[in-house]
Structures are given as structure tokens and as C-alpha cells.
Amino acid sequence: MHHNFLFDLDQTLLDFHASERKALEIVLTDCGLNYTEGCYEHFKEYNKLLWLELEKGNISRTELFIKRFSDIIEYCGGDLTNIDVLQLNNDFILTMSRNGVLMDGALEFMRRLTSDIPDARCYIISNGATVNAEGRIKTTGLDKYLTKIYISESMGVNKPSSDFFDIVLDGVAEPKDACIVIGDSLTSDMLGARNAGLTSVWFMPSGDIPSACLKYDINYCASSFNELYDVLLKWAHKGKCN
Ligand SMILES: [Mg+2]
């Protein structure tokens, strides 16, 4: 048996927003649109709402891609009749995949974790586009610490659905109490872990932490990679939580 660490990817190990900002500027500028910081903030807010709708099952991935780029083109004053929105989305994902950005200290944290817990197996469990996630994992050097990557687009299901976690647990093929979920999102990572009956670490918690921990049955919180390292080491040595 191993200690199986199931890491969310974005805002847990990689800085999704830094990559996104960079890629958005490149593709909008290439379309002849005027990119400003306001563009990115607008895109980010609307995109976040759309991902929540996707998590609830109200829209498809394709609908999300079309809506987010139609909206930003209009925001920038562009003409939708002259732009292939889905192609622009593909260009954006490809550009992002070539511009991975690590969260500060993430690589050193992974190095310490995998060297100090020799039976550690690290996995990525992420909602997102496969090309985008795999490219950023590779360009940042994160891949050398990973046993396997689970990306929702390839799986056809998203966190927090139990189908997503069933596929992951089948692949890991170890008892649930040998697995721990680490992530920043309450609605996908913590809810998914709770529904799957897995131990969870809420990374970089914010807001009303005690009530969130109660609601999502969160086992641990960590506000930095140093804290996360301590929590995971403690969990690994105990073999289970509490
Ligand atoms: Mg995340």
C-alpha cells in the first residue's frame, strides 16, 4: 500500500490565472482586439460563473467555451461575425498549455513530499481541458513527481461527481483511507472528497472557514506549502485522519 495524494491542479499547484492572463492577452491581441487588464478581470469573473454552471450540470463544455469567448469579444468591441469563437478558444487553450506557471514554492514542496515520504504516489485530479492541463504540467516540470493525471475532459465527468472519483479510485486501486484529496475549491474538491468518503485538505482556505469545514466535512486546512507539507506528513505517519 502507498500514500496516495490526489491533488487538484489549478490554484493548488499551478497558477491558472497567471497562465490565463498571459494567453488571453496573446490571443485577443492576435485577433486585433484591444487587450486591457479590465478585459482579463471581466473574462475571469464570467468564466467562473460558467464553470459553476458546468459543475451543476446546467451547461456543456462546448457551451462554456462559446459563451466565454463571445462575451469577451463583445466586451472588447469586436465583431463576432468575423471571428470563429471555438477556434479562438482552442488557440487560447493551446497558448495556455505552452505557458504554465507554478504556484510559488510548488515544485520544492513536491520534491520534499516525495523524497520524505518514499511510498508517496502523487496524482492530479482536475476539472479542465486535457491539452491545457497536460501542457502546463509538462512545461513546469511537475510531471516528474506524478504517477498519473486525471483530467475531466478526457474522463467525460467533472468533480464533484461521484463518477469522477469512482474512476480515480479504480485507477489508484488502493483503500480509501490510503488516499487524501488536496484542493482549493469547496464546490469541486471538498464536496467531491466528502461525497466519495475521502479525507480532505482545504488548501489556501478563505472566508468563513469554520462553517465551510463543517458543511463540507473537511479534515484539514493549510494556508501555505509549509503547512500543507506538515499536514500531509502527519497524515502519512498516522495512516489515517483524526
Ligand atoms: Mg483548483
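Residues numbered from 1 in each chain as written. Predicted model: local features only at pLDDT ≥ 70, side-chain atom pairs only at ≥ 80, totals over all residues. Heavy atoms only, no water.

Side note on the pairing of strand β3 (residues 148-151)
Within a regular strand, side chains alternate between the sheet's two faces. For clarity, the cut-off: Any two strands are treated as partners once DSSP identifies two or more bridges connecting them. A run of H or I in DSSP becomes a helix once it reaches four residues, and a run of E becomes a strand once it reaches two; helices and strands are each numbered from the N terminus. Assignment of crossover handedness uses the view with strands pointing away from the viewer, where a clockwise path from the first strand over the helix to the second indicates a right-handed crossover.
In this structure, strand β2 (residues 120-126) lies alongside β3, joined through four bridges in parallel fashion. Among the inter-strand pairings, Ile125 is bridged to a residue of β3, identified as Tyr150. Taken together, β2, helix α6 (residues 130-140) and β3 constitute a β-α-β crossover, and its handedness is right-handed.

Brief notes about the side chain of Ser200
Using the following cut-off: Using a 1.4 Å probe on the protein chains alone, a residue whose accessible area is under 20% of its type maximum counts as buried, one over 50% counts as exposed, and one in between counts as partly exposed. Between two residues, a contact is recorded if the distance between any of their heavy atoms is within 4.5 Å.
With respect to the secondary-structure elements, Ser200 resides in strand β5 (residues 199-203). With a relative accessible area of 1%, Ser200 lands in the buried category. Excluding its chain neighbours within four sequence positions, the residues that come into contact with Ser200 are Ile180, Val181, Met190, Ala193, Asp217, Ile218, Asn219 and Tyr220.

Structural notes on the coordination of the magnesium ion
The condition is simple: Note on donors: an N, O or S atom is included if it sits within 2.8 Å of the metal, or within 3.2 Å for Na, K and Ca, and water is never included, so sites can look incomplete.
At the metal site, the magnesium ion is ligated by Asp8 (OD), Asp10 (O) and Asp184 (OD), and these contacts range over 2.1 to 2.2 Å. Linear spacing of the donor residues for the magnesium ion on their chain is D-x1-D-x173-D. On the criterion of sequence distance, the pair formed by Asp8 in the loop between β1 (3-7) and α1 (16-30) and Asp184 in the loop between β4 (179-183) and α9 (186-196) is long-range, its members being 176 residues apart. Of the residues examined, Asp8 reaches a relative accessible area of 6% and is grouped as buried. Looking at Asp184, the relative accessible area reads 24%, which means it is partly exposed.

Describing the side chain of Arg61
Here is the rule we go by: Any pair of nitrogen or oxygen atoms within 3.5 Å is treated as a polar contact; in protein, a donor-acceptor pairing is required on top of that, and neighbouring residues in sequence qualify only through side-chain atoms on both sides.
With respect to the helices and strands, Arg61 occurs in helix α3 (residues 61-75). At 3.2 Å, the side chain of Arg61 forms a polar contact with the backbone oxygen of Gly128. Setting aside chain neighbours within four positions, we find Arg61 in contact with Trp51, Leu54, Gly128, Ala129, Ser152, Glu153 and Asn158.

A short note on the packing of α1 against helix α2 (residues 37-55)
Axis angle and axis distance: for two packed helices, these are the angle between their axes and the distance between the axes, and together they describe the pair. Which entries qualify depends on this criterion: Between the N-to-C directions of two axes lies an angle of 0 to 180 degrees, each axis being a line fitted to C-alpha atoms and, for a helix, fitted only over the stretch in contact. Oblique is the label for any angle not under 35 degrees, not over 145, and not in the 65 to 115 range, which are roughly parallel, roughly antiparallel and roughly perpendicular in turn. Left-handed is the label given to a crossing in which the near helix is rotated counterclockwise from the far helix by less than a right angle, and right-handed is the label when the rotation is clockwise. Under the scheme applied, nonpolar residues are Ala, Val, Leu, Ile, Met, Phe, Trp, Tyr, Cys and Pro; charged residues are Asp, Glu, Lys and Arg; polar residues are all the others, including Gly.
At a minimum axis separation of 10 Å, α1 and α2 run at an interaxial angle of 125 degrees. Considering the angle they form, α1 stands oblique to α2. Crossing hand, α1 versus α2: right-handed. The residues of α2 that touch α1, namely those facing His17, Glu20, Arg21 and Leu24, are Glu37, Cys39, Tyr40, Phe43, Lys44 and Asn47. Counted by class, the contact of α1 with α2 contains four nonpolar, two polar and four charged residues.

Thoughts on the domain arrangement of the protein chain
Defined as follows: Throughout, the edges of the domains are those of an automatic or database domain assignment. Put simply, buried area is how much 1.4 Å-probe accessible surface two parts lose in total, over both of them, once they are put together. Salt bridges are counted wherever a side-chain nitrogen of Lys or Arg sits within 4 Å of a carboxyl oxygen of Asp or Glu.
Domain parsing of the protein chain yields domain 1 (3-15 + 102-238) and domain 2 (16-97). Taking only C-alpha atoms into account, the centre of domain 1 sits 26 Å from that of domain 2. With 18 residues of domain 1 in contact, the opposing surface of domain 2 contributes 13 residues. Taking both sides of the interface into account, the surface hidden between domain 1 and domain 2 amounts to around 1200 Å²; carbon and sulfur atoms contribute 55%. It is Asp15, Asn132 and Arg136 in domain 1 that bury the most area against domain 2; as a group they hold 35% of the surface buried on that side. A salt bridge links Glu153 to Arg61, with the shortest nitrogen-to-oxygen separation between them at 3.8 Å. Our count for the contact surface shared by domain 1 and domain 2 stands at nine residue pairs in polar contact (both at pLDDT 80 or more). When residues of the side of domain 1 that touches domain 2 are traced back to their parent elements, those giving at least two are α6, α7 (152-155) and α9. The greatest single-element share of the side of domain 1 that touches domain 2, amounting to five residues, is contributed by α6. Residues of the side of domain 1 that touches domain 2, tallied by class, amount to three nonpolar, ten polar and five charged.

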